[in-house]
Amino acid sequence: AQTVTQSQPEMSVQEAETVTLSCTYDTSESDYYLFWYKQPPSRQMILVIRQEAYKQQNATENRFSVNFQKAAKSFSLKISDSQLGDAAMYFCAYREDRGSTLGRLYFGRGTQLTVWP
Amino acid sequence: GAVVSQHPSWVICKSGTSVKIECRSLDFQATTMFWYRQFPKQSLMLMATSNEGSKATYEQGVEKDKFLINHASLTLSTLTVTSAHPEDSSFYICSASLVGAKNIQYFGAGTRLSVL
């Protein structure tokens, strides 16, 4: 089974600063998707950003960007200009690209991000 | 983005009773829905994959007779926790996917189950 590893159980950042959350994964597949989900205290899972493995260009969504290193199987999330509302549990997730059949998500254990004012 | 509605958000029940949780895709048809369980401060654990019109596929270690899943339509999947016990108390989350919609899973807001 695929594994997703988040080595940082907790991280903290000062408001307006930048923080990077780490994620590595293990797979023998060449085509897959990677995701970062955010789970605030409400516990609603919110998609932050997604990356297709076949794309070399790193995905960017406003203040959120990723550093996707396919050979190293690394997928880190950078949050710029951190805001208090960014405080949440962040989950890295992997899914195979199975064409018309949807594969399951494999989640990391999560990183709890605290944002200090 | 697409909306997935999960109901109820919180349920308290007595030990031995059954509880049904609904997961609806409000503005799209979901060919596949997933059911997860999450313990406090832990990751999401996939319980089962639900495909419309067919039997659910359960993950290893998940009792299919305990956690009944029905996906009778393209917009509704239900999870029934039968003969609930205190150890079934947890946070249950569903997600729904539509092939082609960037292959993204959209999550419900979750259901907190407390079994007394």
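Cut-off values and rules
- Residues numbered from 1 in each chain as written.
- Chains lettered and ligands numbered in written order.
- Predicted model: local features only at pLDDT ≥ 70, side-chain atom pairs only at ≥ 80, totals over all residues.
- Heavy atoms only, no water.
- Contact = heavy atoms within 4.5 Å.
- Buried area = accessible area lost by both parts, 1.4 Å probe.
- Salt bridge = Lys/Arg side-chain N within 4 Å of Asp/Glu carboxyl O.
- Polar contact = N/O pair within 3.5 Å; in protein donor to acceptor, adjacent residues only side chain to side chain.
- Helix = DSSP H or I, 4+ residues; strand = E, 2+ residues; numbered from the N terminus.
- Nonpolar A, V, L, I, M, F, W, Y, C, P; charged D, E, K, R; others polar.
- 1 Å grid on protein atoms, 1.4 Å probe; cavity = no way out; pocket = protein on both sides within 12 Å on 5 of 7 lines; lining within 4 Å.
- Points joined across faces, edges and corners; volume = space filled by probe spheres on them.
- Buried < 20%, exposed > 50% of the residue type's maximum accessible area, 1.4 Å probe, protein only.
- Pairing = 2+ DSSP bridges.

Chemist: Would you mind going over the interface of chain A and chain B with me for this structure?
Modeler: Each partner contributes to the interface: chain A provides 21 residues, whereas chain B provides 24 residues. Both faces considered, chain A and chain B share a buried interface measuring about 1,900 Å² in area, 55% of it formed by carbon and sulfur atoms. Taken together, chain A and chain B are joined by one salt bridge. Where chain A touches chain B, the interface holds eight residue pairs in polar contact (both at pLDDT 80 or more). Of all the elements in the fold, those that place two or more residues in the side of chain A that touches chain B are β5 (32-39), β6 (46-52) and β10 (88-96) of chain A. Tallied by class, the residues present in the side of chain A that touches chain B amount to nine nonpolar, seven polar and five charged.

Chemist: Whenever I open this one, the layout of surface pockets confuses me. Can you help?
Modeler: The method is simple in principle: a probe with the dimensions of a water molecule rolls over the atoms, and the space it marks as empty is what remains. The space that makes up the largest pocket amounts to roughly 380 Å³. Together, 18 residues line the largest pocket, and Arg104 and Phe107 of chain A together with Leu44, Met45 and Leu46 of chain B are the ones closest to its centre. Of the residues belonging to the lining of the largest pocket, the class tally is nine nonpolar, five polar and four charged. Approximately 300 Å³ is the volume found for the second largest pocket. Forming the walls of the second largest pocket are 14 residues, and the residues nearest its centre are Ile49, Arg50, Ala59, Thr60 and Glu61 of chain A. Broken down by secondary-structure element, the contributors of at least two residues to the lining of the second largest pocket are β6 and β7 (60-61) of chain A. Top element by residues in the lining of the second largest pocket is β6 of chain A. It accounts for six residues. For the lining of the second largest pocket, a count of residues per class yields five nonpolar, four polar and five charged.

Chemist: Help me out: how do you make sense of the pattern of salt bridges in this one?
Modeler: Two side chains with opposite charge may pair up if their charged atoms get near one another. All names here are of chain A. By the definition in use, this model includes seven salt bridges over all chains. For Lys73, the salt bridge goes to Asp26, with nearest N and O atoms at 3.8 Å. You can see Lys73 sitting in the loop between β8 (64-69) and β9 (74-79) and its partner Asp26 sitting in strand β4 (residues 24-26), a full 47 residues away along the chain. A relative accessible area of 26% places Lys73 in the partly exposed class. Residue class for Asp26 comes out partly exposed when judged on its relative accessible area of 44%. Arg63 is paired through a salt bridge with Asp86; the nearest N and O atoms lie 2.8 Å apart. Separated by 23 residues along the polypeptide, Arg63 in the loop between β7 and β8 and Asp86 in the loop between β9 and β10 bring together distant segments of the chain. Residue Asp86 is classed as buried on the basis of its relative accessible area, which comes to 3%. Here the residues in one salt-bridge network are Arg50, Glu52 and Lys55, joined through shared partners.

Chemist: Help me understand the pairing of β5 of chain A, please; the structure alone is not making it clear to me.
Modeler: Look at any regular strand and the pattern is simple: side chains alternate between the two faces of the sheet. Residue and element names in this part refer to chain A. Burial analysis of β5 places eight of its eight residues in the buried class, the great majority of the element. What you see with β5 is no split at all: Tyr32, Leu34, Trp36 and Lys38 on one side and Tyr33, Phe35, Tyr37 and Gln39 on the other are buried throughout. Here eight bridges tie β5 to β10, and the two strands are oriented antiparallel to one another. Of the residues in β10, the one forming a bridge with Lys38 is Tyr90. Here six bridges tie β5 to β6, and the two strands are oriented antiparallel to one another. Within β6, the residue paired with Leu34 across the bridge is Gln51. The hairpin turn running from β5 into β6, its antiparallel successor, is six residues long, and Arg43 in that turn takes a positive phi close to 75°.

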